[in-house]
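Coordinates in review
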Amino acid sequence: MNYALLLTLHLFAALIFIGTVFFEVLILENVRKHVPRDVMRTMEIAIGTRARGLMPWVLLVLYSAGLGMAWHHRAVLAHPLESSMGLMLTIKIVLALSVLAHFFTAMTLRKKGKLHSIHFQRIHLSVFCHMVGIVLLAKAMFYLHW
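Note that the coordinates shown come from a computational prediction; the quantities given were computed from them, not determined experimentally.

Broken down by element type, the protein chain carries five helices and zero strands. Principal axes of the C-alpha set define a box for the protein chain whose edges measure 55 × 30 × 25 Å. Burial analysis of the protein chain (146 residues in total) assigns 28% to the buried set. Look at the contacts in the protein chain between residues 6 or more apart in sequence, and 73% of them connect residues 24 or more apart.

And the structure:
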């Protein structure tokens, strides 16, 4: 598949995923303090239902396109310590795999009925931090060299 198409698909899926995480961490958590508990619960259920319907498809596109782009950079990834780009791309991939593990952990906890508010908040905060790192690495790979 054309690298430009993979990159475009990857960027749009990343925008949706990162935008959702940013919304939940930076906006929704603050709104919680100003909205009655029953209203907040209704909003969380509605947002969660929509996210659970959309996110698997977004993640499928995001990780599939990412895999295709990683294949394009396979020579650099074969020796990640030999270049700054290889090292940063490897770290970015490790962070992305960790985000995927967070997603599966949340889904597993939810199915078991054990995804409590504190787990939800911690997972989202961790994913948020991962996403900040991934975005910074995505840009730095092409501009920082040593």
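In terms of nonpolar packing, the biggest core is built from 19 residues, with Phe17, Val21, Met55, Leu62, Val99, Val127 and Met131 touching the most fellow members. Setting aside chain neighbours within four positions, we find Val99 in contact with Phe17, Tyr63, Val127, His130, Met131 and Ile134. Counting six residues, the second largest nonpolar core, distinct from the first, contains Met85, Leu137, Ala140 and Met141.

Under the criterion given, the structure shown has three salt bridges. Residue Glu29 pairs with Arg32 through a salt bridge whose shortest N-O separation is 2.9 Å. The network of salt bridges with shared partners includes Glu29, Arg32, Arg41 and Glu44.

A surface patch of nonpolar side chains, about 380 Å² in accessible area, is lined by Met1, Leu5, Leu9 and Val61. If you trace the backbone, Leu9 turns up in helix 1 (residues 3-31). When its relative accessible area of 36% is taken as the criterion, Leu9 is described as partly exposed.

Our next topic: the layout of surface pockets. Estimates place the volume of the largest pocket at around 960 Å³. Lining the largest pocket we find 33 residues, and of these Glu44, Arg52, Leu115, Phe120 and His124 sit closest to its centre. Only helix 1, helix 2 (37-72), helix 4 (84-111) and helix 5 (117-143) provide two or more residues apiece to the lining of the largest pocket. Examining the composition of the lining of the largest pocket, we find that twelve residues originate from one element, helix 2, more than from any other. By residue class, the composition of the lining of the largest pocket is 18 nonpolar, eight polar and seven charged. The space that makes up the second largest pocket amounts to roughly 790 Å³.

How each quantity is defined
- Residues numbered from 1 in each chain as written.
- Predicted model: local features only at pLDDT ≥ 70, side-chain atom pairs only at ≥ 80, totals over all residues.
- Heavy atoms only, no water.
- Helix = DSSP H or I, 4+ residues; strand = E, 2+ residues; numbered from the N terminus.
- Buried < 20%, exposed > 50% of the residue type's maximum accessible area, 1.4 Å probe, protein only.
- Contact = heavy atoms within 4.5 Å.
- Core = buried A, V, L, I, M, F, W, Y, C linked by side-chain atoms within 4.5 Å.
- Salt bridge = Lys/Arg side-chain N within 4 Å of Asp/Glu carboxyl O.
- Patch = residues over 30% accessible without salt bridge, like charges linked within 9 Å, V, L, I, M, F, W, Y side chains within 5 Å.
- Areas by Shrake-Rupley, 256 points an atom, 1.4 Å probe, with all protein chains shown as cover.
- 1 Å grid on protein atoms, 1.4 Å probe; cavity = no way out; pocket = protein on both sides within 12 Å on 5 of 7 lines; lining within 4 Å.
- Points joined across faces, edges and corners; volume = space filled by probe spheres on them.
- Nonpolar A, V, L, I, M, F, W, Y, C, P; charged D, E, K, R; others polar.

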